[in-house]
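# Commentary on secondary and tertiary structure
Listed below are the residues making up each chain.
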Amino acid sequence: MAATGSSLHTGAVTRFAPSPTGLLHLGHAHSALFGHGLARRAPGGRFLLRIEDIDAGRCRPDFSAAIEEDIAWLGLGWERPVRRQSDHMAEYRAALDRLAARGLLYPCFCTRAEIAREVAAAGHAPHGPEGPAYPGTCRRLSRGEREARLARGETHALRLDMAAALAEAPAGGLSFEELGEGRLPADPAPFGDVVLARKDVPASYHLCVCHDDALQGVTAVTRGVDLKAATPLHRLLQSLFGWPEPLYAHHPLLADAAGRRLAKRDGAPSIRSLRQAGHAPAAVRGMAGFADGA
Ligand code: GLU
């Protein structure tokens, strides 16, 4: 399987941004090799590794160390220092404060069960890329009630007021440039009032990924096609914050001989286990879809 026939602009900056929730498997290796290969083929291209570890309950430092060890073993080089999101929570907080100051966020006190009940009671709910859109319960709280609940210290998430955010988006609508496909429309509305700071983690994947890609000067977001559906929301966040628009390069997900997606939960072999079984890096790169080397 060839990585892609397309190539990137001079000075392209790509990245591999895993969450250290387990050992890397072949699907991850494919993603890392994809981003690395695109940067390597671009004149003056650069490749970054970013550890997306805001979820302290699921991420572990030993998995983070294993990621670096495994991709080095595969033959990849990346720039240092590596950005670890958990070291930068104050920056994400500051970004959220900027949206809050513009009236684009509101606290949501609902539990998952309460949301599920509301959605069921409504009979139908618009379905977004992350499931049924939030019914807006806490958006409709009176100012007094909201303040009283905050004063009582009730745990809450922070949600984006999608209608208010869309009102600030460019008049002609949002779009994104996909490598090899051209410009595609981006409609974030189906996400509804998406969570930007979780109850248990005071940030979210969507916020941190856009924040860091902008901060780190990533010019080409290289990742699996399973995240393509998130791109319209990412374009909205980039527009709200005035962050530059990167190019997107979503790669197909690696599948096994039977066409099943290789994911950890399906028992995809870890790079570590292949290495321990005596396979050479070039052989594992081949299994990860890059027979032509890293
Ligand atoms: N951290 C995300 C993951 O492991 C990937 C983020 C991205 O590439 O945008 O699924």
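In the block above lies the structure referred to throughout.
Residues numbered from 1 in each chain as written. Predicted model: local features only at pLDDT ≥ 70, side-chain atom pairs only at ≥ 80, totals over all residues. Heavy atoms only, no water.

A few words on the packing of aromatic side chains. Tallied over the full model, the rule gives two aromatic pairs. For the pair Phe176 and Tyr248, a centre-to-centre distance of 5.8 Å together with 85 degrees between the ring planes defines the contact as edge-to-face. Placement of the pair is Phe176 in strand β8 (residues 174–178) and Tyr248 in strand β12 (residues 247–251), with a sequence separation of 72 residues. In this structure, Phe176 and Tyr248 share a single accessibility class: buried. A centroid spacing of 4.1 Å and a plane angle of 10 degrees characterise the contact between Phe241 and Trp243, whose relative ring orientation is stacked. Judged by its relative accessible area of 16%, Trp243 falls in the buried class. (Phe/Tyr/Trp six-rings, centres within 6.5 Å; stacked < 30°, edge-to-face > 60°. Helix = DSSP H or I, 4+ residues; strand = E, 2+ residues; numbered from the N terminus. Buried < 20%, exposed > 50% of the residue type's maximum accessible area, 1.4 Å probe, protein only.)

With that out of the way, let us pick up helix α3 (residues 89–101). Residues that lie three or four places apart on an α-helix share one face, since the helix turns once every 3.6 residues. Taking 1.5 Å of rise per residue, 13 residues should cover 18 Å, and α3 covers 18 Å from first to last C-alpha, within 8% of that figure. All of the buried residues along α3 are Tyr92, Ala95, Leu96 and Leu99. For α3, the angular spread of the buried residues around the axis is 100 degrees, confining them to a single face. Seen from the buried face of α3, the exposed residues on the opposite side, beyond 90 degrees, are Ala90 and Ala101. On its buried face, α3 sits against β3 (83–84), β4 (105–108), β7 (157–160), β10 (195–197), α7 (205–215) and α8 (231–241). A positive phi of about 75 degrees marks Gly103, the residue just after α3. (Expected span 1.5 Å × (residues − 1). Arc of directions from axis to C-beta. Contact = heavy atoms within 4.5 Å.)

Burial analysis of α7 places eight of its eleven residues in the buried class, which makes it a mostly covered element. Where α7 is concerned, the buried positions are His206, Leu207, Cys208, Val209, Cys210, His211, Asp212 and Asp213. Among the residues trailing α7, Gly217 stands out with phi positive, at a value near 70 degrees.

This part is about the sheet that holds strand β2 (residues 46–51). Taken together, three strands build an open sheet; the order of strands is β1-β2-β3 and the sheet is parallel. The two strands at the open ends of the sheet, each matched to only one other strand, are β1 (13–16) and β3. Two strands pair when backbone bridges link them, and β2 and β3 are joined in this way by two bridges, in the parallel orientation. Residue pairing for β3: Ile51 is matched across the bridge by Arg84. Contacts between helix α2 (residues 61–73) and the sheet are confined to β1, β2 and β3, with β2 contributing the most and set at about 155 degrees to the helix. (Pairing = 2+ DSSP bridges. Axes fitted to C-alpha atoms, helices over the stretch in contact; angles between N-to-C directions.)

What follows deals with unusual backbone geometry. For the peptide bond that leads from Arg80 to Pro81, omega is 0 degrees, which places it in the cis range. Looking at the element boundaries, Pro81 is found in the loop between α2 and β3.

With that out of the way, let us pick up the pattern of salt bridges. Counting across every chain of the model gives 26 salt bridges. Between Arg15 and Asp213 there is a salt bridge whose closest N-O contact spans 3.1 Å. Note that Arg15 is positioned in strand β1 and Asp213 in helix α7, a separation of 198 residues in sequence. Residue Arg15 is classed as buried on the basis of its relative accessible area of 3%. Overall, the relative accessible area of 5% leaves Asp213 in the buried class. The network of salt bridges with common partners includes Arg15, Arg50, Glu52, Arg83, Glu91, Asp212 and Asp213. (Salt bridge = Lys/Arg side-chain N within 4 Å of Asp/Glu carboxyl O.)

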